[in-house]
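These are the residues of each chain, in order.
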Amino acid sequence: MHEIQIRVDNIERLLMFDYDPENEDALFDIVDPQGRIVKTGDVHGPVTRVRIMDLDGDDYFLLVMDGERSAVSPIHLKRAC
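If you're wondering where the values come from, they're calculated on a predicted model, not measured in any experiment. Think of each chain on its own: its residues are numbered from 1, step by step along the sequence as written. Residues qualify for local features only when their pLDDT is at least 70, as the model is predicted, and side-chain atom pairs are given and counted only at 80 or more; totals for whole chains, interfaces and linings, by contrast, use all residues. Heavy atoms throughout the structure, all of them, feed into the side-chain values; hydrogens and water do not.

### A look at the nonpolar core
Right, so step 1: Buried residues of nine kinds, namely Ala, Val, Leu, Ile, Met, Phe, Trp, Tyr and Cys, make up a nonpolar core once their side-chain atoms join them within 4.5 Å. Throughout this description, buried means an accessible area under 20% of the type-specific maximum (1.4 Å probe, protein chains only), exposed means over 50%, and partly exposed covers the range between. Counting 19 residues, the largest nonpolar core has Phe17 and Leu62 as its most contacted members.
Right, so step 2: Among the elements that line this core, the one with the most residues is strand S6 (residues 59-66), at three residues. The helix count covers DSSP runs of H or I at least four residues long, the strand count covers runs of E at least two residues long, and both are numbered beginning at the N terminus.

So, in structure tokens, the structure goes:
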């Protein structure tokens with residue numbers, strides 16, 4: 001699986017990630033450094049948008065589950081562009 005491209009719009013407080021799912025029931029989780037799921041939802045490819053107004057930290061992980069495939073990417077909200 002290729003690396004997921006992540007962008008953050010700090011004005012609109014949106015996280016956007018590029019991923020074109022193979023399965024219509026693909027899901028994502030945003031997980032904090034302690035392993036707690038703080039957001040979850042459906043992947044709407046090719047670009048999924050997630051409101052992040054309620055996220056207080058700077059570092060998270062994005063997990064994408066797409067049938068038998070999965071991917072994990074770090075999220076750095078302060079350094080994302």
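There is more to say after this.
### A word on the pattern of salt bridges
Right, so step 1: Salt bridges are defined by distance alone: a side-chain nitrogen of Lys or Arg within 4 Å of a carboxyl oxygen of Asp or Glu. One pass over the structure, following the stated rule, counts four salt bridges.
Right, so step 2: A salt bridge links Asp32 to Arg36; its shortest N-O distance comes to 2.9 Å.
Right, so step 3: Between Asp54 and Lys39 there is a salt bridge, and its shortest N-O distance comes to 3.1 Å. Of this pair, Asp54 sits in the loop between strand S5 (47-51) and S6 while Lys39 sits in strand S4 (residues 37-42); the two residues are 15 residues apart in sequence, bridging distant segments of the chain.
Right, so step 4: What makes Lys39 buried here is its relative accessible area of 19%.

### Quick look at the sheet that holds strand S1 (residues 5-9)
Right, so step 1: A pair of strands is considered paired only if DSSP assigns at least 2 bridges between the two. Strand order in the open sheet formed by three strands is S1-S2-S5, with antiparallel pairing between adjacent strands. The open sheet has two edge strands, S1 and S5, and neither has a second partner. For this sheet, the mean angle separating the axes of adjacent strands, direction not counted, is 20°.
Right, so step 2: The pairing of S1 with strand S2 (residues 14-18) spans five bridges and is classified as antiparallel. Paired with Val8 across the strands is Leu15, a residue of S2. Here, axes are lines fitted to C-alpha atoms. For helices the fit covers the stretch in contact, and angles between N-to-C directions go from 0 to 180 degrees.

### Description of the sheet that holds S4
Right, so step 1: The sheet built from four strands is open, its strands ordered S4-S3-S6-S7 with antiparallel pairing. Of all the strands in the sheet, just S4 and strand S7 (69-76) have a single pairing partner and so form its edges. Strand-to-strand, the axes of this sheet are offset by a mean angle of 15°, without reference to chain direction.
Right, so step 2: Bridge count for S6 against S7 is eight bridges, and the pairing is antiparallel.

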